[in-house]
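Structural description and commentary
In case you want the letters, here they are:
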Amino acid sequence: MALITADRERFPDTPWQFVETRYETDGAETLETLFALGNGHLGIRGAHWAAADAGLPGSFINGLHEIWDIKHAENAFGFARTGQRILYIPDANNFAVVVDGEMLSLAESEVLDYRRSVDFSTGIYECRITWQCRSGATVTTTERRAVGYESRGSLGISLEVAADRQISLDVTSAVINRQDQPVEDHSVHDPRRAGRHAGRVLLPVRLDGGDGSLRLSWEAAESKQRVGIAVDHWTSAGHQPFETVVDQDDSTVRYVLAVDADEPFRLEKSVSYAAGRAIQDPEVDAAAVAEEALRPVDSIFAESMAHYRAYWATSDIVVDGGRPGLQQAIRWNLFQLAQATARADVAGIPAKGVTGSGYEGHYFWDQEVYLLPYLTYTNPDGARQVLEFRHGMLPEARIRAKELSVDGALFPWRTINGLEASAYYAAGTAQFHIAAAIAFATNRYLWATGDAEFREGMGAELLIETARMWISLGFFGKDGLFHIHGVTGPDEYTAVVNDNLYTNVMARFNLRAAAALEHAGITHEERQLWEAAAKRMQLPFDDRMQVHSQDNDFMTLEAWDWTTPRSKYPLLLHFHPLVIYRHQVLKQADTVLAMFLQWQDFTAEEKQRAFDFYDPITTGDSTLSACVQGIMAAEVGYSREALEHFTNAAFIDLDDTHGNTIDGVHIASTGGVWSSLVCGFAGMRDQGPVPYFDPRLPAEWEGLTFHLKIRGRLLLVQLAAGSITLTVQDGGPLAVDVRGHRLVVGSEPAQVLLEPVAEPEPTVFPSGLPTASIPVVRGNS
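Residues numbered from 1 in each chain as written. Predicted model: local features only at pLDDT ≥ 70, side-chain atom pairs only at ≥ 80, totals over all residues. Heavy atoms only, no water.

**Let's talk about the sheet that holds strand E34 (residues 750–753)**
Taken in spatial order, the five strands line up as E20-E29-E30-E31-E34 in an open sheet, and their pairing is antiparallel. Of all the strands in the sheet, the pair left with one neighbour each is strand E20 (318–320) and E34. Going across the sheet, the axis of each strand differs from the next one's by a mean of 20°, ignoring polarity. As paired elements, strand E29 (residues 703–710) and strand E30 (residues 713–720) share eight bridges and run antiparallel to each other. Counterpart to Lys-709 in the pairing with E30 is Leu-714. (Pairing = 2+ DSSP bridges. Helix = DSSP H or I, 4+ residues; strand = E, 2+ residues; numbered from the N terminus. Axes fitted to C-alpha atoms, helices over the stretch in contact; angles between N-to-C directions.)

As structure tokens, this is what we get:
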């Protein structure tokens, strides 16, 4: 299904904005995701202000969640016990506008003109609608929104009403608690979507208000987490509110007045949220904490504009000569990355950021493998904070390791509070590779920043504790090799297998990185054991196909029936897991991802053969797959496939190609778009002796430009057909490697000419399984 690209009149190609020029009911809830605002801490879905026009409105605070006891139909030792789900916090983005007795709504009123946009360069949402009222008046409403950055719990909203004649205006501004409203539990039909709580969640603690101000707070029934909100209103002519009503679910401030043609009415709504550890003490008034952080609306708008002015100066990625709309899609993805991470501070990054409740607001391995590359090279402090957050989970991870009879630390597959929340262990707990993802992100951060303090403290502890987990999980077999059994790799269509190649390759990296540390906590015997396990790690290889096998048994599985109609994808929604598990079919890149992340451990031929074998049997049912497939296609030399996979990744949410953008932006995929540009087309690889570049600029593109923050420098990278130009714009000289040519880059542009990359001949694999040539013996009939 194409949404944006199918109607470029409605959604014009504007490089610095996402714009809608015509209102339609189709896809309204998905558009609420695409128009959402956030700063990594606070998120506001892009719903229209009128209740009749909102589909799935909501606001979220990263990490604010409710818990419940998971009820397993058949329980077993070590199963996840506590469910966690992000909360819909009380939502301030609500207005009712009545003109001459007519309630304005897109669903019922006559609309003469309509335009809404979110501006990537400022972070400001604007919706301007001109209405033809039944009274004969022509009225224009303009709503603008922005979230704060210095004040990360702040939301600023302005609503202006202008008319061509005098009108009677009745405006109600509301704060609505929607968490407890009965809504369908979508997760019953689609495990990717959010469930709903059975009972009331937010219990009122303080409900005060008067003269246009609201001071409210609630406590979650089970997690006991609190949220406070303070709201102030201001009007252009100093109008006093007609009434202020306070309620635990619907608090309102109402204005009733006459508006003249030459005097538009402007209402500003300053909102401040307070949540987190600072207000969990019952003696602390959460609403009062929120009140202290209130900012004027124009100040919140100014914060947003200043933030994005600085952000784009070093984080923009410019493609010259791409297809129409591609630059807009790239900037939309980069904008989502900023909205998901900028002010998360020491917290995780939910799989949907703060744009929706999908995946219950949980943190996965996504943040380390798909988001931390972007953060490490654009916002190193932000990357460190995410790693500090993981380090803060070590006590729970050590306890979890003991539950699963391993040493060191075992981090949860999906979580908010540090406890495992995955009720399906085969595609959850069995994904031990999250430990290596955390170690890999830690090592990348250390390599890219040289942060000695982090290396000696938290970083070393993360590497050591995960290495201890691997050495106790695996074992030396009779063949003298180190094996890791009973795990699930990134490909969730093949579960609980022995020697998953990705897991083993990443565990080997983890063991090597820990063994290389100079740390008093590592004994000589422990270091030797890690080195031996890494050296003897089993890496499955199929001699017949001459390709690395995804696991020990993958090549023996029955081939998937590729005549299965597209309506049956994603397979996880139409086939029992056991049906999928016994077939040779992938949800996402697995072996190919291993070869990208551990790029120095595989030859060019091995990478090509792996790509040629696995790419055709990868369904793309995961939004994490297209970007990785595109990166490896570029490295192998398949220019057309690389651009095709990248384009698919860039439009995953804009075109809602997976059908679940309604529940929030796929943040890991947006991180994958960044990596596709930097690591795919620019060919950047890290964690070697020096930063390495092997560019693969698509023939259709004229150029690619971006910055990297690396080792205290700001490096400008400019690709053109036949050359790469590198310049250090801030900091001292930097040694880099371009296709084996070592050079030192300084403040003067250094250009390296590039030979064209020849496209290799695709590998032709033997058809059928090894038993395909055995004649079929038929009985007498």
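**Remarks on the sheet that holds strand E3 (residues 42–44)**
Strands pair in a sheet through their backbones, by hydrogen bonds, and they do so in one of two ways: parallel or antiparallel. Spatially, three strands are ordered E2-E3-E4 in an open sheet, and the strand pairing comes out antiparallel. Here the strands that pair on one side only, and so sit at the sheet edges, are strand E2 (37–38) and strand E4 (59–61).

**Describing the pairing of strand E1 (residues 17–20)**
Because side chains alternate across E1, one face comprises the buried residues Gln-17 and Val-19, and the other comprises Phe-18 and Glu-20, equally buried. As defined by bridge partners, E1 adjoins strand E9 (residues 110–119) across four bridges and the pair is classed as antiparallel. The residue of E9 that forms the bridge with Gln-17 is Asp-119. (Buried < 20%, exposed > 50% of the residue type's maximum accessible area, 1.4 Å probe, protein only.)

**Some thoughts on the pairing of strand E12 (residues 154–163)**
In terms of burial, E12 is largely enclosed, as eight of its ten residues are buried. Pairing of strand E11 (residues 138–147) with E12 involves nine bridges; the strand directions are antiparallel. For Thr-140, the partnering residue across the bridge sits in E12 and is Ala-162. Pairing between E12 and strand E19 (residues 265–275): eight bridges, direction antiparallel. Paired with Ile-157 across the bridge in E19 is Lys-269.

**Focus: unusual backbone geometry**
Put simply, Tyr-569 and Pro-570 share a cis peptide bond, and its omega is -5°. When you line up the elements, Pro-570 lands in the loop between strand E25 (558–559) and helix H12 (577–581). For Gln-687, which is not glycine, the phi dihedral falls at a positive 65°. Among the structural elements, Gln-687 can be located in the loop between strand E27 (684–685) and strand E28 (692–693). We classify Gln-687 as buried; its relative accessible area is 16%.

**Description of helix H16 (residues 639–650)**
Its twelve residues place the ends of H16 16 Å apart at the C-alpha level, agreeing with the 16 Å of an ideal helix rising 1.5 Å per residue. For H16, the full list of buried residues reads Glu-641, Ala-642, Leu-643, His-645, Phe-646, Thr-647, Ala-649 and Ala-650. Tucked inside the fold, the buried residues of H16 contact helix H4 (326–341), helix H15 (625–636) and helix H17 (667–681). (Expected span 1.5 Å × (residues − 1). Contact = heavy atoms within 4.5 Å.)

**Topic: the environment of Ile-229**
For Ile-229, the position within the fold is in strand E16 (residues 226–235). Spatially, the C-alpha atoms of Ile-229 and Asp-7 are 39 Å apart, while their sequence positions differ by 222 residues. Leaving out residues up to four positions away in the same chain, Ile-229 has contacts with Pro-90, Val-175, Leu-214, Arg-215, Leu-216, Trp-218, Val-271, Ser-272, Tyr-273, Ala-287 and Ala-290.

**Concerning the pattern of salt bridges**
In total, this model carries 45 salt bridges according to the counting rule given. A salt bridge links Glu-32 to Arg-45; the shortest N-O distance between them is 3.6 Å. Placement of Glu-32 in helix H1 (residues 28–34) and of Arg-45 in the loop between E3 and E4 is noted, with a sequence separation of 13 residues between them. In this pair, the class of Glu-32 matches that of Arg-45, namely buried. With a closest N to O distance of 2.9 Å, Arg-200 and Asp-249 form a salt bridge. Placement of Arg-200 in the loop between strand E13 (167–176) and strand E14 (202–210) and of Asp-249 in the loop between strand E17 (243–245) and strand E18 (250–259) is noted, with a sequence separation of 49 residues between them. Look at the salt bridges and you will find they share partners, linking Asp-7, Arg-10, Glu-20, Arg-22, Glu-24 and Arg-116 into a network. (Salt bridge = Lys/Arg side-chain N within 4 Å of Asp/Glu carboxyl O.)

**Section: the packing of aromatic side chains**
A full pass over the atoms with the stated rule returns 34 aromatic pairs. Both rings, one in Phe-18 and one in Phe-35, keep their centres 4.6 Å apart while their planes meet at 35°; by these two values the pair is tilted. You can see Phe-18 sitting in strand E1 and its partner Phe-35 sitting in the loop between H1 and E2, a full 17 residues away along the chain. Neither Phe-18 nor Phe-35 differs from the other in exposure class; each is buried. Where Tyr-308 meets Tyr-311, the ring centres are 6.0 Å apart and the plane angle is 85°; that geometry is what we call edge-to-face. Taken together, the positions of Tyr-308 and Tyr-311, both in helix H3 (residues 297–315) and three residues apart, correspond to about one turn of that helix. Among the aromatic residues, those joined into a cluster by ring pairs are Trp-16, Phe-120, Tyr-149, Tyr-308, Tyr-311, Trp-312 and Phe-335. Here Arg-145 stacks its cationic end above the ring of Tyr-125, 4.0 Å away from the centre of that ring. For Arg-711, the ring lying beneath its charged end belongs to Trp-447, and the centroid distance is 4.2 Å. (Phe/Tyr/Trp six-rings, centres within 6.5 Å; stacked < 30°, edge-to-face > 60°. Lys NZ or Arg CZ within 6 Å of the ring centre and 35° of its normal.)

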